[in-house]
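Descriptive analysis of the structure
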Amino acid sequence: MSSENSTNNTASAVKSLIQRPRRLRRTPGLRSMVRENQLTVDDLIYTMFVMEGENQKTEISSMPGCYRYTLDLLLEEIKQVSELGINAVALFPLIPEAKKDDVGTESYNPGGLVQKTVKAIKQTVPDIVVITDVALDPFSIHGHDGIVDDNGVILNDPTVEVLVKMAVSQAEAGTDIVAPSDMMDGRVGAIRQALDAAGYFHVSILAYSAKYASGYYGPFRDALDSAPKFGDKKTYQMDAANAREALKEVELDIAEGADIVMVKPALAYMDIICQIKSTTNLPVAAYNVSGEYAMIKAAAQQGWIDEKKVILETLTSMKRAGADLILTYFAKEVALMLL
Ligand SMILES: NCc1[nH]cc(CCC(=O)O)c1CC(=O)O
Ligand SMILES: [Mg+2]
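Residues numbered from 1 in each chain as written. Chains lettered and ligands numbered in written order. Predicted model: local features only at pLDDT ≥ 70, side-chain atom pairs only at ≥ 80, totals over all residues. Heavy atoms only, no water.

Re the overall build of the protein chain
Scanning the protein chain from N- to C-terminus turns up 12 helices and 12 strands. For the protein chain, the C-alpha radius of gyration of 22 Å lies close to 20 Å, the compact-globule estimate for 339 residues. Its C-alpha atoms give the protein chain principal-axis dimensions of about 80 × 45 × 40 Å. Considering the protein chain as a whole, with its 339 residues, one finds that 50% of them fall into the buried category. (Helix = DSSP H or I, 4+ residues; strand = E, 2+ residues; numbered from the N terminus. Rg over C-alpha atoms; globule rule 2.2 N^0.38 Å. Buried < 20%, exposed > 50% of the residue type's maximum accessible area, 1.4 Å probe, protein only.)

Here it is as structure tokens:
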């Protein structure tokens with residue numbers, strides 16, 4: 001018994017406290033019994049960068065500890081993380097400049113990098129869930145997620161036609177989940193229809209439903225060399241000030257056939273995760289984006305924060321906000337911490 005609670009001059013109001021929340025924080029066992037949320041390896045989706053070539057991995061300078069892998073080394077990494085219990089990987093390709101064009105033709109090449117990668121993963125680690133990104137930015141010379149007209153306007157409906165081809169070609173390659181990250185209107189419905197028409201009823205759609213125009217994507221654009229060559233993405237990605245609009249976007253994507261809805265970025269949008277969770281029974285995903293990764297790594301490298309503690313605290317808070325799934329570059333590190 002600590003003397004703090006037994007001194008004679010303790011105010012009587014405190015002495016007679018009936019509720020003392022600290023009672024349940026007294027020991028690790030008690031804390032564990034009343035813990036409301038638990039981060040587990042099942043929550044994690046490992047976001048990975050793939051590039052052409054052989055036997056190479058290159059570190060992304062603004063994302064220390066995160067690499068672009070050639071397919072052979074990517075497969076090694078995926079085997080390892082699968083053994084650690086990670087269920088799913090989300091793939092993003094680095095496309096050589098020479099294969100980029102105005103309309104992202106390479107994105108639906110049956111022999112393209114993504115398609116080749118999906119096939120190889122399915123042959124080597126068949127149990128891992130493969131999630132492929134559906135958006136034009138890695139494939140377009142201008143770095144936008146859509147087709148651009150002469151006035152610099154990002155065209156919605158012509159872009160959706162390309163996204164549909166991309167999604168079907170990923171399904172042909174064997175992907176489990178297609179994940180449109182482009183924010184064009186109507187793409188979820190168009191992709192669902194096309195997948196079904198081609199017999200891919202079983203392929204799921206993870207919709208980037210509430211994706212914000214964010215400063216937190218900088219390191220990702222370094223990784224893929226995909227920063228927009230002009231303007232910004234504000235005519236298609238959402239305004240950071242809006243919350244009700246996120247609910248509208250989610251509602252539309254669900255009506256169009258989304259299987260999982262996502263909020264992106266995560267950390268600055270916890271309120272959005274929480275609100276969406278309370279309005280849908282679908283699984284809700286959160287994308288712990290590149291800038292969120294970079295901030296933690298940078299502060300940790302300076303010795304300013306305890307990296308492991310901050311990673312676990314950050315991802316657990318996303319679960320507390322309502323995320324069922326978390327896309328994160330920390331997935332492997334976290335899986336090791338949770339062992
Ligand atoms: N379709 C683009 C896309 N898909 C995933 C990310 C960012 C992910 C991250 O920052 O980790 C982006 C960047 C963007 O919209 O410019
Ligand atoms: Mg939408």
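That shown, we press on.
Let's talk about the pattern of salt bridges
Enumeration according to the criterion identifies 15 salt bridges in this entry. Close ionic contact of Lys277 with Asp324 constitutes a salt bridge, the shortest N to O distance being 2.8 Å. Remark: Asp324 occurs in the loop between α11 (307–321) and β12 (325–328) and Lys277 occurs in helix α9 (residues 270–279); sequence separation between them is 47 residues. Taking relative accessible area as the criterion, Lys277 reaches 31% and is therefore assigned partly exposed. Residue Asp324 is classed as partly exposed on the basis of its relative accessible area, which comes to 29%. Between Lys297 and Glu307 there is a salt bridge whose closest N-O contact spans 2.6 Å. Here Lys297 is found in helix α10 (residues 290–301), whereas its partner Glu307 is found in helix α11, with 10 residues between them in sequence. Residue class for Glu307 comes out partly exposed when judged on its relative accessible area of 24%. One continuous salt-bridge network, built from bridges that share partners, spans Asp137, Asp145 and Lys233. (Salt bridge = Lys/Arg side-chain N within 4 Å of Asp/Glu carboxyl O.)

Digging into empty space enclosed by the protein
What the rule picks out here adds up to one cavity of 30 Å³ or more. Here the largest cavity is characterised by a volume of approximately 140 Å³. Counting only elements with at least two residues in the lining of the largest cavity, the list comes to β9 (204–211) and α7 (218–224). When the residues that make up the lining of the largest cavity are grouped by side-chain class, the tally is eight nonpolar, four polar and seven charged. (1 Å grid on protein atoms, 1.4 Å probe; cavity = no way out; pocket = protein on both sides within 12 Å on 5 of 7 lines; lining within 4 Å. Points joined across faces, edges and corners; volume = space filled by probe spheres on them. Nonpolar A, V, L, I, M, F, W, Y, C, P; charged D, E, K, R; others polar.)

Topic: the pairing of strand β3 (residues 63–70)
Within β3, six of the eight residues are buried, leaving the element largely enclosed by the surrounding structure. Judged from the three bridges that link them, strand β1 (residues 44–51) and β3 form a sheet pairing that is parallel. Each bridged residue has a counterpart across the sheet, and for Val50 the counterpart in β3 is Tyr69. In this structure, strand β2 (residues 57–60) lies alongside β3, joined through four bridges in antiparallel fashion. (Pairing = 2+ DSSP bridges.)

Observations regarding helix α6 (residues 187–197)
For α6, the full list of buried residues reads Arg187, Val188, Gly189, Ile191, Arg192, Ala194 and Leu195. Where α6 is buried, its residues contact β5 (129–134), α5 (156–173), β8 (177–180), β9 and α8 (244–256). Just downstream of α6, Gly199 is the residue with a positive phi angle, here 90 degrees. (Contact = heavy atoms within 4.5 Å.)

Some words on the confidence of the model for the protein chain
Here the protein chain averages 96 in pLDDT, and 97% of its residues register 70 or above. When pLDDT is averaged over each helix and strand of the protein chain, the minimum, 79, is found for helix α1 (residues 12–15) and the maximum, 99, for β8. We note a pTM of 0.96 for the whole complex and an ipTM of 0.98 for its interfaces. (pLDDT = per-residue confidence, 0-100.)

Considerations on the UniProt feature "binding site: Mg(2+)" (unreviewed entry) in the protein chain
Here, UniProt's "binding site: Mg(2+)" (unreviewed entry) annotation points to Glu249. Given the relative accessible area of 12%, Glu249 is considered buried. Setting aside anything within four residues of it in sequence, one finds Glu249 in contact with Met183, Asp185, Ser209 and Met238. (UniProt positions renumbered as here; feature names shortened; annotations may be inferred.)

Notes on the packing of aromatic side chains
Inspection of every chain in the model, using the stated rule, returns 11 aromatic pairs. For the ring pair Phe49 and Phe220, a centre distance of 5.7 Å and an interplane angle of 55 degrees mean the geometry is tilted. Highlighted residues: Phe49 in strand β1 and Phe220 in helix α7, separated in sequence by 171 residues. Phe220 sits in the buried class, given a relative accessible area of 12%. Residues Tyr208 and Tyr287 carry aromatic rings whose centres are separated by 6.1 Å and whose planes lie at 50 degrees to one another, so their mutual orientation is tilted. (Phe/Tyr/Trp six-rings, centres within 6.5 Å; stacked < 30°, edge-to-face > 60°.)

Focus: the environment of Leu71
Its place among the elements puts Leu71 in helix α3 (residues 71–83). C-alpha separation for the pair Leu71 and Asn55, spaced 16 residues apart in sequence, amounts to 8.1 Å. Contacts of Leu71, omitting those with residues within four sequence positions, involve Val50, Met51, Gly53, Lys116, Thr117 and Ala120.

So, the packing of α5 against α6
Between α5 and α6, whose axes approach to 9 Å, the crossing angle comes to 45 degrees. As the angle between them shows, α5 and α6 are arranged oblique. The two elements α5 and α6 meet at a crossing, and its hand is right-handed. Residues Val160, Leu163, Val164, Ala167, Val168 and Ala171 of α5 form the contact with α6, whose participating residues are Arg187, Ala190, Ile191, Ala194 and Leu195. Among the residues forming the contact of α5 with α6, the class breakdown is 10 nonpolar, no polar and one charged. (Axes fitted to C-alpha atoms, helices over the stretch in contact; angles between N-to-C directions. Parallel < 35°, antiparallel > 145°, perpendicular 65-115°, else oblique. Left-handed = near helix turned anticlockwise from the far one by under 90°.)

Notes on the layout of surface pockets
One simple way to see leftover space: roll a probe sized like a water molecule over the atoms. Roughly 200 Å³ of volume is contained in the second largest pocket. For the second largest pocket, the lining is made up of 15 residues, of which Met183, Asp185, Thr235, Tyr236 and Glu249 are closest to its centre. Take the lining of the second largest pocket: its biggest share by element is four residues, from α8. When grouped by side-chain class, the residues that make up the lining of the second largest pocket number six nonpolar, three polar and six charged.

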